[in-house]
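Chain residues, written in single-letter form:
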Amino acid sequence: MYLEKFKLRNFRNYHSAEVVLSPRINVLYGKNGQGKTNFLEAVSFLTLGCSFRTKRDEELPRHEENGFYLKGEFLDDEESLTLEVGTDLNRILVKINGVEYKSKRSLFGRVRTVIFTPDDLQLIKDGPEKRREYLDLYLAQVYPEYRQHYHQFYRALFQRNSLLKKFREGFRDFRELEIWTEQMIAEGSQVIYLRLKAIEDISPWVNRYHQLMSQEQESLSINYKLAGERVPSLPVSTVQDKLRTVLERRKNEEILRGYSLVGPHRDDLILLLNREWEMRVYGSQGQQRTAALAMKLAMVDLIKKTHGVPPLLLLDDVFSEFDDDRKKELLRVLTEGTQTIISTAEERDFLNFGAELKSFRVENGVIYD
Amino acid sequence: MRTLINELAKLPGIGPKTAQRLAFHLFTTPREEVQKLATAMLETKDQLTFCTICGHLTEESPCLLCRDPGRDHALLCVVEEPKDVIALEKTREFKGVYHVLHGALSPLEGIGPEELTINKLLERLQTGKIREVILACDPNMEGEATAQYLARIIKPLEVKVTRLARGLPVGGDLEYIDEVTLGKALEGRQEI
Ligand SMILES: Nc1ncnc2c1ncn2[C@@H]1O[C@H](COP(=O)(O)OP(=O)(O)O)[C@@H](O)[C@H]1O
Ligand SMILES: [Mg+2]
Ligand SMILES: [Zn+2]
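Note that the coordinates shown come from a computational prediction; the quantities given were computed from them, not determined experimentally. (Residues numbered from 1 in each chain as written. Chains lettered and ligands numbered in written order. Predicted model: local features only at pLDDT ≥ 70, side-chain atom pairs only at ≥ 80, totals over all residues.)

**Things to note about the site of ligand 1**
Step number 1: As a matter of local geometry, ligand 1 sits amid 15 residues, with N13(A), K36(A), T37(A), N38(A) and H63(A) nearest to it.
Step number 2: When the residues that make up the shell around ligand 1 are grouped by side-chain class, the tally is one nonpolar, ten polar and four charged. (Near = placed C-beta within 6 Å. Nonpolar A, V, L, I, M, F, W, Y, C, P; charged D, E, K, R; others polar.)

Next up, the structure:
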């Protein structure tokens, strides 16, 4: 599926714009602050139901406006898909092939999308939350059941946390706690199981991409930490047993604090340089950047492998730090057979892609073919 | 008019817009029709109570179901709400009696075992006259948790505990499941 036509109204600094895109490589170029990232943000909102820059949707309408509207027409050999979303103050309306939906959640997953931004460095540098977000955003696109288990897990978690809070106030029904613990284990173990399976699949790719980009002999390994312990891919029942054991061990501590301390909402990924050195602590800025990029690239491969078709790629100004040869090599690998929308300050970086490339100049919220 | 709109909007499933439409509709309806509606509402409120045995809605307690000698009083079906009783009655498959919990476990909403009619259920079981308890909670997480909880406290009483067969649409309400599917789930119930 590729995005053929895209229309924006009152989104960020766009008043009204409509573009016809190439099924291969699209380059948005222009000076800083003109609306290149805004464009990518709009596309991702349509395919994921959220922005990659902010969780606050009220930032998205153009200043002085109450809402925005986006429409994308997607095509492939067999079918077409039209996604529309419009907001007005606190209301949101989604249309998929003309049929109305009430939640922006229904946009998610119809066109799989991977986004690269300069902020990806946070994947390595920041706390565990960013790494969990990375897993959740992409695994929900890889495995259809992931999202279901993820939402159900959070429902069980919130129920259990409410109960733990009551425990702190003196009310205690351990039978009730056990019931909610079991619900949390049932859903949480499915989430963790899928994460482990994904990590096992992507780890050779993560390493290969890192080596390709670092042009050095160093290796990069990625591991999942379940309740603080590094674990390999495991069957669901083993994950359940592990969760149950750790939850039992930390029960008193949880009651004391009044919330759940164990589960996929607390887990983390660990990235090691040469199997030994934690990237987050010992990696140079350059190594960290490469590692983050490798993690994203590996997700593209996982989507290709699982679904047979590559995702839509949104690249926001990510290659500016690489030298020309590496940039070329990376772009060749990455954009093979898929639609890509790239933003850059330097149009000339992409000129050698020839006929497959369509470029757009972006200036103050207006797009010129 | 504003008061009426505000009151209507408090009803489940009615938003401010629908409330406004209903209010205007009532305004244009003949007085005697409005009177009928108002009387029916008050009468329902005044005359309906919860059955002291099963917790179902009734004009007279015990309810018709609990008083019916033709029903199997040793077969007890536990549901969350009175509307679930109505849904199960529509299937014409079930010939036992009911127990209405008036909710499902949900700590988030402050609903624990104490807020449900669980103690009353235990009293009924302790008479020794019940042969089988069918747990027919909603097929969602809170319903599941409630059923698991009940199973754990009923089992030691040596009463047979069963669940509606799997395969009901998950995440939903019992009342929205069609009669045939619900009847089949009842028939195919399994022991836990
Ligand atoms: N809600 C908004 N309404 C109008 N303009 C906005 C809004 N949000 C951001 N902008 C403007 O968008 C511009 C940034 O666009 P951006 O796409 O990030 O630039 P770049 O081309 O460098 O990627 C800034 O000028 C900013 O003021
Ligand atoms: Mg930018
Ligand atoms: Zn009764």
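There's more to say after this.
**Section: the interface of chain B and chain A**
Step number 1: Across the contact, twelve residues belong to chain B and 15 residues belong to chain A.
Step number 2: When the residues that make up the side of chain B that touches chain A are grouped by side-chain class, the tally is seven nonpolar, three polar and two charged. (Contact = placed C-beta atoms within 7 Å.)

**Focus on the environment of D77(A)**
Step number 1: With respect to the secondary-structure elements, D77(A) resides in the loop between β4 (69–75) and β5 (80–88).
Step number 2: In sequence terms D77(A) and M1(A) are 76 residues apart; their C-alpha atoms lie 8.2 Å from each other. (Helix = DSSP H or I, 4+ residues; strand = E, 2+ residues; numbered from the N terminus.)

**Describing the sheet that holds strand β10 (residues 229–231) of chain A**
Residue and element names in this part refer to chain A.
Step number 1: Read from one edge to the other, the open sheet built from four strands follows the order β10-β9-β11-β12, with strand pairing classed as antiparallel. Edge strands, defined here as strands with exactly one partner in the open sheet, are β10 and β12 (277–278).
Step number 2: Lying over the sheet, helix α5 (residues 174–214) contacts β9 (220–226) and β10, oriented at roughly 165 degrees with respect to β9. (Pairing = 2+ DSSP bridges. Axes fitted to C-alpha atoms, helices over the stretch in contact; angles between N-to-C directions.)

**Quick notes on unusual backbone geometry**
Step number 1: Backbone torsion omega between S61(B) and P62(B) reads -5 degrees, so that peptide bond is classified as cis.
Step number 2: Mapped onto the secondary structure, P62(B) falls in the loop between β2 (57–58) and α4 (64–67).
Step number 3: Even without being a glycine, E64(A) presents a positive backbone phi close to 75 degrees.
Step number 4: Residue classification places E64(A) among the exposed residues on the basis of 6 C-beta atoms within 10 Å.
Step number 5: Here the phi dihedral of H102(B) falls at roughly 65 degrees; this positive angle occurs in a residue that is not glycine.
Step number 6: Along the polypeptide, H102(B) turns up in the loop between β4 (96–100) and α6 (118–126).
Step number 7: H102(B) gets classed as partly exposed once you count the C-beta atoms within 10 Å, which come to 14. (Buried ≥ 20, exposed ≤ 12 C-beta atoms within 10 Å, placed from the backbone.)

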